[in-house]
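Okay, here's what each chain looks like letter by letter:
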Amino acid sequence: MTPALSKQTLLFTTFSLALTRVSYCSVANANVNSSIPAIANYFGTKGRYEEVNPYLINDILSVNKSLLKPGCTDCTAVHVTAIIRHGTRYPTTKNIKRMQRLYDLVLNDAKNTDKWLTDIKTKWEMWYTEDMDGKLVEKGRDDHRHLAVRLATFFPSLMSEENLRSHRIRFITSSKHRCVDSIVAFQEGLLNLWNVTEVGPSHEINDELMRFFDQCKKFVDDVENNKTALEEVHLFKASAEMKIVQMKMAAQLQVPYNHITPDLVEAAFFLCSYEFAIKSLNSPWCNLFDETDAQVLEYKNDLKQYWKRGYGHDINRKSSCALFHDLFNRLDKAAHEIRFGHVSEAVTIQVGHAETLLPLLALMGFFRDETPLTADNFDLQHGRTFRTSRIVPYAANLVFVLYDCSEGLRLQFLLNETPLKFPDINHQAPLYNTVRETYRELLHGCNFEKECEPSRPNRNCEL
């Protein structure tokens, strides 16, 4: 019987095969006449919204109202809450520094003379500057202007000029400049739609809701500032899968393998994704990766989000308790007011971060895989539901629609403008009371102050 191959043996066997494909892939990728990188579906939290909804590529204002049918007759939408991620942004200063190091390495050490690499050396310039530091780009403003128009098209009776003027549309945002700029752009989209030229509506800054993770001491202590909290991510960065990507990239550039660190691999991947997200360019940097490489790098990003914002640690989810209760308090208020024929707050628009949306989704049980994501089960996770590329691209949105129907109130959930069933409820728009019953334990518990109380150190000592 042939003995089982170790993972390290498989690594070098696979790498040998990969090397035979490197020159072919470079030529093949360079000859693809497309404005969309072949790996665009794997950019994780750095991905465009259009990759989630490709029909928007041809018509950015396209909507499919048939998706909103709650499955029952005689239903009228009476309230909408939308929790939205900011639009496309520049890289952070930390990543810009990494990109600069990679660019310097390519200029000074890369020996490959393929056209795409020559183009990087002679035509591409390092235009990212450290002062950009995560600021919203014009594409990000357009993300929100266009989303505003589409949501107003979905819900014309609620997102109306009349409701805006009567202050029945409320705007709440994180204090971060990219979120403030996003919500202003969203308002601009509505004002332009209605040809309103007056000064736009106001917005509230509320970090307790939209940046709850900063306010949760237990999360900050146990996850944010705990070096061991992301151990699975660190292990995967040293895995066989990542080493193959490093080796292939070193071979592509014709530089020594030890010059290519996991951080530089990620910097190249980010350059590809940012050039596309910000400028809609299929950058020559994208030639460094094939689909297999992109799947590995997407998984590395998903591991980070899983263990820092998702199911990896219980406090990740529980840190969103305040936002969860805020949502259901608003829905409860609308459900009560509709009995008297008028809902005071027709629409609530809340703008935050991927770090705002993911914990809330996890708290509510969405995208929970049976097998947790770990450093050593990449091969088993190709069919995972927790894929940030699909869940939280730029301008990702969670939309909760409350309907008044003949048989009672119903609630529909949309993720990125597509209906998604609540976990364990087999109806597209279940009765609101059914949803409340599903989340009964959270509604009667999930106390932010209690959940976020810092862990007490063990003060036991020997007597």
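You'll find the structure just up there.
All values derive from a computational prediction rather than experimental measurement.

Student: Hey, could you run me through the overall build of the protein in this one?
Tutor: The helix and strand inventory of the protein stands at 20 helices and seven strands. Expressed along its principal axes, the backbone C-alpha trace of the protein runs to roughly 75 × 75 × 45 Å. With 463 residues in all, the protein has 55% of them scored as buried. For the protein, restricting intrachain contacts to residue pairs at least 6 apart in sequence, the fraction spanning at least 24 positions comes to 79%. Where the 54 positive side-chain charges of the protein centre and where its 58 negative ones centre are 2 Å apart.

Student: Explain the nonpolar core here, please?
Tutor: Here is a general trend for soluble globular proteins: nonpolar side chains tend to be buried in one another's company. Formed by 111 residues in total, the largest nonpolar core has its most connected members in Tyr128, Leu253, Phe289, Phe328, Phe422 and Tyr439. At 12 residues, the largest contribution of residues to this core is made by helix H12 (residues 262–279). Core analysis: the next-biggest nonpolar cluster, separate from the first, contains 32 residues, Leu68, Cys179, Trp194 and Val399 among them.

Student: I would appreciate a short explanation of the state of the cysteines in the present structure.
Tutor: Two cysteines, two sulfur atoms, one covalent bond between them: this is a disulfide. Taken as a whole and judged by the stated rule, the model has four disulfides. Disulfide pairing is shown between Cys216 and Cys452; the S-S distance is 2.1 Å. Taking the sign of the torsion about the S-S bond as the criterion, the disulfide between Cys216 and Cys452, at about -100°, is left-handed. Taken together, the residues span a long stretch of sequence, with Cys216 in the loop between helix H8 (212–215) and helix H9 (217–224) and Cys452 in the segment after helix H20 (448–451) at a distance of 236 residues. Each member of the pair, Cys216 together with Cys452, is buried. One disulfide in the model links Cys272 with Cys286; its S-S distance is 2.0 Å. Measuring the twist about the S-S bond at about 100°, one finds the Cys272-Cys286 disulfide to be right-handed. Here Cys286 lies in the loop between H12 and helix H13 (291–308) and Cys272 lies in helix H12, a separation of 14 residues in the sequence. Comparing Cys272 with Cys286 shows no difference in burial state: the two are buried. Free of any disulfide, Cys179 has its nearest neighbouring cysteine sulfur in Cys216, separated by 19 Å.

Student: Looking at this structure, how should I read the packing of helix H11 (residues 240–253) against H13?
Tutor: Between two packed helices, what matters for the description is the angle formed by their axes and the separation of those axes. Contact geometry of H11 with H13 gives a least axis separation of 10 Å together with a crossing angle of 130°. The orientation of H11 with respect to H13, classified from their angle, is oblique. Two packed elements cross with a definite hand, and for H11 against H13 that hand is left-handed. Here Glu241, Met242, Val245 and Lys248 of H11 come into contact with H13, specifically with Asp293, Val296 and Leu297. The residue inventory of the contact of H11 with H13, partitioned by class, reads four nonpolar, no polar and three charged.

Reading guide: rules and limits
Residues numbered from 1 in each chain as written. Predicted model: local features only at pLDDT ≥ 70, side-chain atom pairs only at ≥ 80, totals over all residues. Heavy atoms only, no water. Helix = DSSP H or I, 4+ residues; strand = E, 2+ residues; numbered from the N terminus. Buried < 20%, exposed > 50% of the residue type's maximum accessible area, 1.4 Å probe, protein only. Contact = heavy atoms within 4.5 Å. Lys, Arg positive; Asp, Glu negative; His and termini not counted. Charge placed at Lys NZ, Arg CZ, Asp CG, Glu CD. Core = buried A, V, L, I, M, F, W, Y, C linked by side-chain atoms within 4.5 Å. Disulfide = S-S within 2.5 Å. Axes fitted to C-alpha atoms, helices over the stretch in contact; angles between N-to-C directions. Parallel < 35°, antiparallel > 145°, perpendicular 65-115°, else oblique. Left-handed = near helix turned anticlockwise from the far one by under 90°. Nonpolar A, V, L, I, M, F, W, Y, C, P; charged D, E, K, R; others polar.

Function cannot be read off these values alone, since they describe shape.
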